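# Working through the structure, step by step
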Amino acid sequence: ITEQGGGRISTLSAESHKVLNRRSVIDKKMLTALDHKNLQVVYQPKLDVASGKVLVYEALVRWEDEELGQISPDELIPIAEENGLINAIGAYVIEEAAKFAVTLMQEKPDIRISVNTSVREFSNSSEMKEKLTSILKETNCPADKIQLEITEKFAFQAEQERAIIRQMKELQDAGIRFILDDFGTGYASFRYMQNLPISKVKIDKVFIQSLLTTPKTRQLVEGMIHFSKSMGLYVIAEGVETEEQFNALIEMGIDAVQGYYIGVPMKQSDIIK
Ligand code: C2E
Ligand code: CA
Ligand code: CA
Ligand code: CA
């Protein structure tokens with residue numbers, strides 16, 4: 001920040017100041033927002049190809065603040081992971097999802113809600129298991145109505161990995177299924193596929209976006225589908241926006257499809273209607 005003109009320097013620092021400031025305001029307001037239930041959960045349908053039915057809705061957290069505007073989960077979650085509120089946010093989303101699952105169950109007995117989790121939520125001994133068990137009990141939600149999505153974005157150390165796998169296996173025994181989210185984007189896809197008790201993988205939307213424009217991506221996606229299926233996994237594609245993408249994926253043998261082409265994230269009340 002040295003050799004440039006004074007104006008340039010101050011513009012740059014004003015910009016970064018704004019970013020830092022927004023971050024710190026989000027950080028400060030998060031606990032109150034959570035306490036006042038100002039966070040919302042919306043649900044996006046996932047279409048199962050074999051049955052032609054929506055069997056799963058994915059829960060996605062939303063936060064709209066009058067001063068800050070829309071705070072996307074991509075902005076919110078990393079800050080929550082840093083300030084420690086990720087566990088409370090996770091509990092809130094699971095509770096909302098469990099209540100919704102119980103509501104939907106009456107009319108659609110085969111429906112399931114998929115909840116995104118951060119690996120950080122598994123890093124403290126048996127916290128996730130205790131949290132989940134008590135929420136399911138409180139809401140009267142059967143364990144097999146909830147499935148958890150974990151991303152491979154986060155690295156964890158070897159000793160942590162063992163503890164996480166143990167917790168995941170206990171949850172699996174209790175009926176909870178795991179999805180490996182953002183499949184293909186992390187550095188540890190194969191390792192996670194090998195070591196974690198997952199039953200489904202979700203191919204990340206970056207691959208779907210260039211599926212029809214880049215021949216190599218098409219081959220890659222085809223490969224990911226075949227390889228995952230050969231390992232006995234159920235394969236989902238996310239970010240499907242067009243009929244052409246949808247048809248191409250069906251041809252490749254995809255098990256389930258999610259994206260704006262199937263349905264956008266919706267409020268619970270709009271789904272019930
Ligand atoms: P994700 O789990 O990969 O979720 C998919 C994201 O893509 C969502 O963004 C969704 O709204 C968006 N999306 C869905 N269909 C389409 C489509 O056809 N085209 C495009 N371009 N986008 C589509 P969202 O809701 O902003 O969430 C972003 C990320 O934040 C999620 O990525 C997930 O990793 C994380 N996240 C969301 N809710 C939670 C939560 O409750 N807990 C945790 N730990 N993470 C969450
Ligand atoms: Ca997800
Ligand atoms: Ca994803
Ligand atoms: Ca993502």
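Residues numbered from 1 in each chain as written. Chains lettered and ligands numbered in written order. Predicted model: local features only at pLDDT ≥ 70, side-chain atom pairs only at ≥ 80, totals over all residues. Heavy atoms only, no water.

- In the annotation of an unreviewed UniProt entry, the protein is listed under the name EAL domain-containing protein and assigned to Sporosarcina quadrami.

## Concerning the coordination of the calcium ion (ligand 2)
- Protein-derived coordination of the calcium ion (ligand 2) comes from Glu58 (OE), Asn116 (OD1), Glu149 (OE) and Asp181 (OD), at a distance range of 2.2 to 2.3 Å.
- Sequence spacing of the donor residues for the calcium ion (ligand 2), all on one chain, is E-x57-N-x32-E-x31-D.
- Between the calcium ion (ligand 2) and the calcium ion (ligand 3), the interatomic distance is 5.1 Å. Of this pair, Glu58 sits in strand 2 (residues 53-65) while Asp181 sits in strand 6 (residues 177-183), and the two are 123 residues apart along the sequence. (Donors = N, O, S within 2.8 Å, 3.2 Å for Na, K, Ca; no water. Helix = DSSP H or I, 4+ residues; strand = E, 2+ residues; numbered from the N terminus.)

## Overview of unusual backbone geometry
- In this structure, Lys37 takes a positive phi of about 55° despite not being glycine.
- The residue Lys37 is located in the loop between helix 1 (6-35) and strand 1 (39-48) in this model.
- The backbone of Asn140 sits at a positive phi, close to 65°, despite the residue not being glycine.
- By relative accessible area, which is 64% here, Asn140 ends up exposed. (Buried < 20%, exposed > 50% of the residue type's maximum accessible area, 1.4 Å probe, protein only.)

## Comments concerning the side chain of Asn87
- By the element assignment, Asn87 lies in helix 3 (residues 86-105).
- For Asn87, a relative accessible area of 17% puts it in the buried group.
- If sequence neighbours within four positions are ignored, Asn87 has contacts with Glu121, Glu127 and Lys131. (Contact = heavy atoms within 4.5 Å.)

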